[in-house]
Amino acid sequence: MKPTPTSSSIEDYVKVIYSFTEWQDKPITSTQLAARLGVANSSVSEMVRKLKDQDLVEHEPYSPIRLTKAGLQLALSMVRRHRLLETYLVRELGYTWDEVHEEAELLEHAVSETFIQRMAAKLGNPTRDPHGDPIPDAGGHITMPPSHRLDELDAGHRGRVSRISDHNPELLRYLNEHGIGVDTELQIVGRRPFGGTLEVLAAPAGSKDMDDAVQLDLGDEAAVSLWLVTEGSHPGCTVQELTGGSLMSPHTSSP
């Protein structure tokens, strides 16, 4: 799936550009890209020019950065590598979900395509990683679950956790300690007054029964790091339902 030999820097750039837009429609800016990569704005400007010369991005001065068809294909190949590696580290080597991101960042540039294919087969060709992020298949297709971010949901809304951002290992450990993981059933109770925490009910592991649910208060960082697939309905719901989608890398640049 990896189209042509590229540098690790180029691979990192296109993967970050893609990841920024995977769960929302807004394209990334140069400043946001610099912050995500931890580099100077001048370094980003130089690399974006290189990416544009190689037909991997579309970019005009003072405008957001968008992947071309070729850029998206490369980005999805790197996303596939990263997420398969995370899955392998958890399932086969006993890593916890808060330990795998940095390891996968190092390994994704080093392993061969043959290794990736055999690892995928060994794992049974999984469709999502330990954090719920979808894994593109070998042809560059990726299916996005119809998910809402937790802080966008109204009181009474109920759903199953479909994805948890892996940007903060401490947050992953905190959620794990409180029984929240991928597929946990949650229900929104409401937000405490004056910009307070978000109150949720979390069902016990492997259960959909809210009678034994535990109430938790989640701060803003946690609320924006969790995505839910809606299950059931409640009176007066103000949330517009989404439909999932399957994408193919050569034909589109955003989910």
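Read on for an overview of the structure. (Residues numbered from 1 in each chain as written. Predicted model: local features only at pLDDT ≥ 70, side-chain atom pairs only at ≥ 80, totals over all residues. Heavy atoms only, no water.)

Some details on the overall build of the protein
Under the convention used in this document: Helix and strand assignments follow DSSP, with helices taken as H or I runs no shorter than four residues and strands as E runs no shorter than two, numbered in order from the N terminus. Here the radius of gyration uses the C-alpha set of atoms, whereas the globule reference equals 2.2 Å times the residue count to the power 0.38. Each residue is placed in one exposure class: buried if its accessible area under a 1.4 Å probe, protein chains only, is under 20% of its type's maximum, exposed if it is over 50%, and partly exposed if it falls in between. Contact between two residues is taken to exist if any of their heavy atoms lie within 4.5 Å; hydrogens are not considered. Surface accessibility follows the Shrake-Rupley procedure with a 1.4 Å probe radius. Residue values consider only the protein chains on display as shielding.
Looking only at helices and strands, the protein has eight helices and 10 strands in total. Taken over C-alpha atoms, the radius of gyration comes to 19 Å for the protein, in line with the 18 Å a tight globule of 255 residues would show. Projected onto its principal axes, the C-alpha coordinates of the protein cover approximately 55 × 45 × 30 Å. Relative to its 255 residues, the protein shows a buried fraction of 44%. Restricting the contact set of the protein to residue pairs at least 6 apart, pairs at least 24 apart contribute 66%. Just so you have it, the protein exposes about 12800 Å², and 50% of that area is on carbon and sulfur atoms.

Here's the deal with the environment of Met47
Here Met47 shows up in helix α3 (residues 41-53). Taking the C-alpha atoms as reference points, Met47 and Ser9, separated by 38 residues in sequence, lie 8.6 Å from one another.

Here's the deal with the packing of helix α1 (residues 8-22) against α3
A pair of packed helices is characterised by two quantities: the angle between their axes and the separation of those axes. This is how it is decided: Structural elements are reduced to axes, namely lines fitted to C-alpha atoms, with helices fitted over the stretch in contact, and the angle between N-to-C directions of any two is expressed from 0 to 180 degrees. Should an angle lie under 35 degrees it is considered roughly parallel, over 145 roughly antiparallel, and from 65 to 115 roughly perpendicular; all remaining angles are considered oblique. Polar here means any residue outside two lists: the nonpolar Ala, Val, Leu, Ile, Met, Phe, Trp, Tyr, Cys and Pro, and the charged Asp, Glu, Lys and Arg; Gly therefore counts as polar.
In the contact formed by α1 and α3, the axes pass within 11 Å of each other and the chain directions differ by 95°. When the axis of α1 is compared with that of α3, the two are roughly perpendicular. Here Ser9, Ile10, Tyr13, Val14 and Ile17 of α1 lie close against α3, whose contacting residues are Ser43, Val44, Met47 and Leu51. When its residues are assigned to classes, the contact of α1 with α3 shows seven nonpolar, two polar and no charged.

Some remarks on the packing of aromatic side chains
What counts here: Put simply, two rings from Phe, Tyr or Trp (the six-membered ring, in Trp's case) pair if the centres are within 6.5 Å, and we call them stacked under 30 degrees between planes, edge-to-face over 60, tilted for the rest. A ring is scored as having a charge over it whenever the NZ atom of a lysine or the CZ atom of an arginine sits within 6 Å of its centre and within 35 degrees of its normal.
For the coordinates displayed, the defined rule picks out one aromatic pair. With a centroid separation of 5.5 Å and an interplanar angle of 50°, the aromatic rings of Trp23 and Trp227 are classed as tilted. With Trp23 in the loop between α1 and α2 (30-37) and Trp227 in strand β9 (residues 226-230), the pair connects residues that are 204 residues apart, well separated along the chain. Lying across the ring of Trp227, Arg163 places its NZ or CZ 4.5 Å from the centre.

Some thoughts on the packing of α2 against α3
Filter applied, for reference: A clockwise turn of the near helix away from the far one marks a right-handed crossing, whereas an anticlockwise turn of less than a right angle marks a left-handed crossing.
As a packed pair, α2 and α3 sit with axes 9 Å apart at the nearest point and diverge in direction by 110°. It follows that α2 is roughly perpendicular to α3 by the angle criterion. Both α2 and α3 take part in a crossing whose hand is right-handed. Contacts between α2 and α3 involve Ser30, Thr31, Leu33 and Ala34 from the former and Asn41, Val44 and Val48 from the latter. Across the contact of α2 with α3, the residue classes break down as four nonpolar, three polar and no charged.

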